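# Tertiary structure, described
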Amino acid sequence: MGLGEAEPPQGPALDFGNFQVDFGRGHAHREGRVRRVRVKPHQLVIAASVMAALVFAGSGIVPSITDWHDDSPVSREVFGNVPAPVQAVFYTLMATMCLVVGWMAAMRVKNWERGRPDDRSLRRDNAGRRARDFRAGVWMRTLLRDAPAGAMHSMIYFGFIVLFIATVLLEIDHQVPESLKFLHGDTYRAYAFTADLFGVIFVAGIVWAIVRRYVQRPERIRSKTRPEDALVLGCFLLIGVSGFFVEGLRIAHSGAELGARPEFERWSFVGWEIAKWFGNLSEGTLSDFHRWVWALHFVAFLGFAILLPTTKLRHMVTSPMNMYLKDRDRPKGAMKAMPYLLDGETTLESFGAKAIEDFTWKQLMDTDACTVCGRCTSVCPANITGKPLDPRKIVLNIGQIMSATGTPAVSPTVGLEAGVVVSANSVFELITTDEIWSCTSCKACDEICPVNIEILDKILDIRRYLTLMESDFPTELGIAYRGMENSYNPWGLGNHERAAWAEGLDESVVIVDPADAFEHEYLYWVGCAGSFDDRNKKVTQATSKLMQRAGIDFAILGPSELCTGDSARRSGNEYLFQMLASENIGTLNGMGVKKIVTQCPHCFNTLLNEYPQLGGNYEVVHHSQLLADLVDDGRLSLVGASLDERIVYHDSCYLGRHNDVYVAPRRVIGAIGGVEVVEMPRNGTRSFCCGAGGARMWMEEHLGDKRVNVERTEEALATKPDRIAVACPFCYVMIADGVNEKGEGDNVKVSDISQVLLEAIESRSAAAVASADTPITGFSGGSIRP
């Protein structure tokens, strides 16, 4: 097996001795003399539906032969005024519905099984963290990031759940003997009040949803509204309203039978008021009305049951499941590992994703978990600046192709637009290459998704197919590839010049020989931008001077350092990535390197999160983290250091969303006296990309209304800063270009945080230096995560 080669993925998802549940493609096999039975998940769904049907059938039989009644004066008769033959039809239809709905759900699950196995552990690890993710979903915490939409969904969701529980409790009370019945007295009063209260919440939520979708009509909802949405909302509204009328007519009918409405029914406060409307009707008329409205209520529920597996309403079930199954087997910033390609022993015939079978079962399940809310699209920098990429459409279109090419075909996630036809099992039926190459891999879509759909993975897998199988990538990217292949950097400059930035420094920088053992505390990984880009060379020099001032023992590889391969991997060129990574890992492991510091978030992410896939395990810190610690412990004293500036900080996507480092850079600039740190509206987890990630650094922006870096620069300039601080070499280039394009180059500085810190330290007076005897603690502002 080659360097770092992953073991072949296994098919079974759950293993109970000789019984296995098989997610992904696989086949039955023998273990010794015992045949291991493989049961497909869709078969489990069918089995569960059969069991549910049997339970309903039994529920209809038990009360008919036991005749158990609750004699309490404060209770209600289940199926009061509903004839026995109608009750039999009810239970028969419920049992049939379980079988029909179970079959339709099973066919959807069968579609997921077309996908590749996910990994060996198959998302069974980290049960505690998964449970917290699941809980966050069912308690609507992720949806409440968008307060109005979250509140609306919470009203519908919790209202429906409580009403469903109330119905189940009523049926349980109906089935048990007299001694075990519990819905009477004060318990019944509380039950009735709670059911009505949540019924009101449910109906109000539905009305709010109708107004939001058909009156307010925000763009991200309007663009994906389909006729089925009206059907779903209408069905829910009919369930809620008809339920109240069934209750009111039941109370009115009881009053007609008894001569007065039972006083305890006041606790059903909605039904009590509705009953007043029918007080003048005869008992026979009330009986007929009650039966017809009860039938309407039941038919509405059957409609809901059919809509559940056939429309996006299925996300009521699949979204919480998806949140529990959120990937926990690799770091947040890492791409999926691939088999080792350099030894030529891989058995894969195709790389990346083109057909539905090229995705994993979890990626296919994602498409059925989508709520079609459009939050991913609302934060996508490519979409916002007029590019063709729409993350929501990527998810939905993969789902459309999966649904249309299944055996049998099933209903799509949302209705197809008029004139759209899926004729082949290929993502390129509905997805264009322009969409795929517009992505900056900023991870904003993944971060904001309320149900944890892994959108970026799908885009990057399609890129892998385009690059490795079709050689279909932008021309400019080919130039960067050749630079990485021949010169070990995307600029294509001679690698012997990597350490040229260190010439002329007051203190020399140690360049180590890869043949020797590494005997320093840190290896300073400069990165390609820090070595070859003129602006970023100054960042490298500033970082080196700061580490030297603090007494950090570090060295660099110089010409022995190669590109980490981040841009190659993010653009789908896994072969080139593995070539560069394998050489770097061989060098680092051979020298015994343990700790690495780098100013490039892309190098930071690759070294920390992706090199372990190939056998490279190191303690990696970003220079913002190291500098913040050095300031905190006084090794970089800021006594007397001051900059009278208003500074706005721009979050790097690969430092922030990919690795959750938000506070350290702010601690560095916030610790400087005289500095006013301000924030852009989009900051922290919702920061806006500079436009260079996902190998976009090496591609021209030919599409769209505006360049991504200009959009971000305008937001930064709107805060009226003296300086824009960054912590990423790509961000430095993009923001600086944006400032110049806006004509503000002479008025607003763009600097890396290391340059800001060094400038502050070097600006202090000799007297202040002499009196530097008090360590300065770091900036401790408010929460960065909005």
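A few points on the structure. Bear in mind the structure is a predicted one, so any value in this text is a computation, not a measurement.

### With respect to the overall build of the chain
- Secondary structure summary: the chain contains 29 helices and 12 strands in total.
- Taken along the three principal axes of its C-alpha coordinates, the chain extends 100 × 65 × 50 Å.
- Across the 786 residues that make up the chain, the buried fraction comes to 55%.
- For the chain, restricting intrachain contacts to residue pairs at least 6 apart in sequence, the fraction spanning at least 24 positions comes to 79%.
- Here the chain displays about 32,200 Å² of accessible surface, and carbon together with sulfur accounts for 57% of that area.
- Looking at the chain, you have 80 positive and 94 negative side-chain charges, and the mean spots of the two groups are 3 Å apart.

### Here's the deal with helix 22 (residues 574-591)
- Spanning 18 residues, helix 22 covers 25 Å between terminal C-alpha atoms, matching the ideal 26 Å at 1.5 Å per step.
- The complete set of buried residues in helix 22 reads Glu574, Leu576, Phe577, Gln578, Leu580, Ala581, Ser582, Asn584, Ile585, Thr587, Leu588 and Met591.
- Just downstream of helix 22 lies Gly592, where phi reads positive at about 80°.

### Here we look at the sheet that holds strand 10 (residues 673-678)
- The sheet built from 4 strands is open, its strands ordered 10-9-11-12 with parallel pairing. For this open sheet the edge positions go to strand 10 and strand 12 (749-752), each flanked by a neighbour on one side alone. Looking at each pair of strands side by side, their axes are set apart by 35° on average, direction ignored.
- Pairing of strand 9 (residues 642-649) with strand 11 (residues 723-726), which is carried by 3 bridges, proceeds in the parallel orientation. The residue of strand 11 that forms the bridge with Tyr649 is Ala725.

### Concerning the pairing of strand 10
- Alignment of strand 9 against strand 10, held across 5 bridges, turns out to be parallel. Bridge pairing links Ser642 to Gly673 in strand 10.
- Once the chain exits strand 9 it traverses helix 25 (residues 663-670) before rejoining the sheet at strand 10, and the crossover so formed is right-handed.

### Description of the side chain of Asp358
- Among the structural elements, Asp358 can be located in the loop between helix 10 (315-324) and helix 11 (361-369).
- Separated by 2.9 Å, the side chain of Asp358 and the backbone nitrogen of Lys354 make a polar contact.
- Setting aside its immediate chain neighbours within four residues, Asp358 contacts Arg116, Gly352 and Ala353.

### As for helix 25
- Burial analysis of helix 25 places 6 of its 8 residues in the buried class, the great majority of the element.
- Taken as a whole, helix 25 has its buried residues at Ala664, Pro665, Arg666, Arg667, Val668 and Ile669.
- Elements that come into contact with the buried residues of helix 25 comprise helix 24 (623-632), strand 9, strand 10, strand 11 and helix 28 (753-763).

### Observations regarding unusual backbone geometry
- Put simply, Thr407 and Pro408 share a cis peptide bond, and its omega is 0°.
- Among the secondary structure elements, Pro408 is positioned in the loop between helix 14 (391-404) and helix 15 (433-437).
- Positioned with a positive phi, Val372 is a non-glycine residue whose angle comes to about 60°.
- On the secondary structure map, Val372 appears in the loop between helix 11 and helix 12 (375-379).
- Even without a glycine there, the phi angle at Ala695 is positive, about 70°.
- Following the sequence through the fold, Ala695 ends up in the loop between strand 10 and helix 26 (708-717).

### With respect to the nonpolar core
- Counting 144 residues, the largest nonpolar core has Leu588, Ile596, Leu636, Ile724 and Leu757 as its most contacted members.
- Examining the composition of this core, we find that 8 residues originate from one element, helix 27 (residues 729-741), more than from any other.
- Residues Ala53, Phe90, Met94 and Trp272 belong to the second largest nonpolar core, which totals 53 residues.

### Quick look at the side chain of His622
- Summarising the element assignment, His622 is placed in strand 8 (residues 619-622).
- Given the relative accessible area of 0%, His622 is considered buried.
- Here the side chain of His622 touches Gln599 through a polar contact of 3.1 Å, landing on its backbone oxygen.
- A distance of 3.4 Å separates a polar atom in the side chain of His622 from a polar atom in the side chain of His623.

### A look at the packing of aromatic side chains
- For the structure on display, the rule yields 27 aromatic pairs.
- Summarising the aromatic geometry, the rings of Phe90 and Phe298 are spaced 4.8 Å apart at their centres and angled 50° between planes, so their arrangement reads as tilted. Taken together, the positions of Phe90 in helix 2 (residues 84-112) and Phe298 in helix 9 (residues 283-310) put the pair 208 residues apart, joining distant regions of the chain.
- Its relative accessible area of 15% is what places Phe90 among the buried residues.
- Of the aromatic side chains, those joined through ring pairs into one cluster are Phe79, Phe90, Tyr91, Trp294 and Phe298.
- Between Arg261 and the ring centre of Trp272, over which it is positioned, the NZ or CZ distance is 4.5 Å.
- The positively charged end of Arg682 is found above the aromatic ring belonging to Phe688, 4.1 Å away from the centroid.

### Quick word on the pairing of strand 5 (residues 522-525)
- Where burial is concerned, the two faces of strand 5 agree: the one with Tyr522 and Tyr524 and the one with Leu523 and Trp525 are both buried.
- In this sheet, strand 7 (residues 595-598) lies alongside strand 5 in parallel orientation, the contact comprising 3 bridges. Each residue of the ladder has a partner; that of Leu523, found in strand 7, is Ile596.

### Re the pattern of salt bridges
- Applying the stated criterion across every chain yields a total of 45 salt bridges.
- With a closest N to O distance of 2.6 Å, Lys458 and Asp366 form a salt bridge. Here Asp366 lies in helix 11 and Lys458 lies in helix 17 (residues 455-470), a separation of 92 residues in the sequence. The pair Lys458 / Asp366 is uniform in exposure class, with both members buried.
- Among the salt bridges present, the one from Lys387 reaches Glu701, with a minimum N-O distance of 2.9 Å. On the criterion of sequence distance, the pair formed by Lys387 in the loop between helix 13 (381-384) and helix 14 and Glu701 in the loop between strand 10 and helix 26 is long-range, its members being 314 residues apart.

The rules behind the values
- Residues numbered from 1 in each chain as written.
- Predicted model: local features only at pLDDT ≥ 70, side-chain atom pairs only at ≥ 80, totals over all residues.
- Heavy atoms only, no water.
- Helix = DSSP H or I, 4+ residues; strand = E, 2+ residues; numbered from the N terminus.
- Buried < 20%, exposed > 50% of the residue type's maximum accessible area, 1.4 Å probe, protein only.
- Contact = heavy atoms within 4.5 Å.
- Areas by Shrake-Rupley, 256 points an atom, 1.4 Å probe, with all protein chains shown as cover.
- Lys, Arg positive; Asp, Glu negative; His and termini not counted.
- Charge placed at Lys NZ, Arg CZ, Asp CG, Glu CD.
- Expected span 1.5 Å × (residues − 1).
- Pairing = 2+ DSSP bridges.
- Axes fitted to C-alpha atoms, helices over the stretch in contact; angles between N-to-C directions.
- Right-handed = clockwise from strand over helix to strand, strands pointing away.
- Polar contact = N/O pair within 3.5 Å; in protein donor to acceptor, adjacent residues only side chain to side chain.
- Core = buried A, V, L, I, M, F, W, Y, C linked by side-chain atoms within 4.5 Å.
- Phe/Tyr/Trp six-rings, centres within 6.5 Å; stacked < 30°, edge-to-face > 60°.
- Lys NZ or Arg CZ within 6 Å of the ring centre and 35° of its normal.
- Salt bridge = Lys/Arg side-chain N within 4 Å of Asp/Glu carboxyl O.

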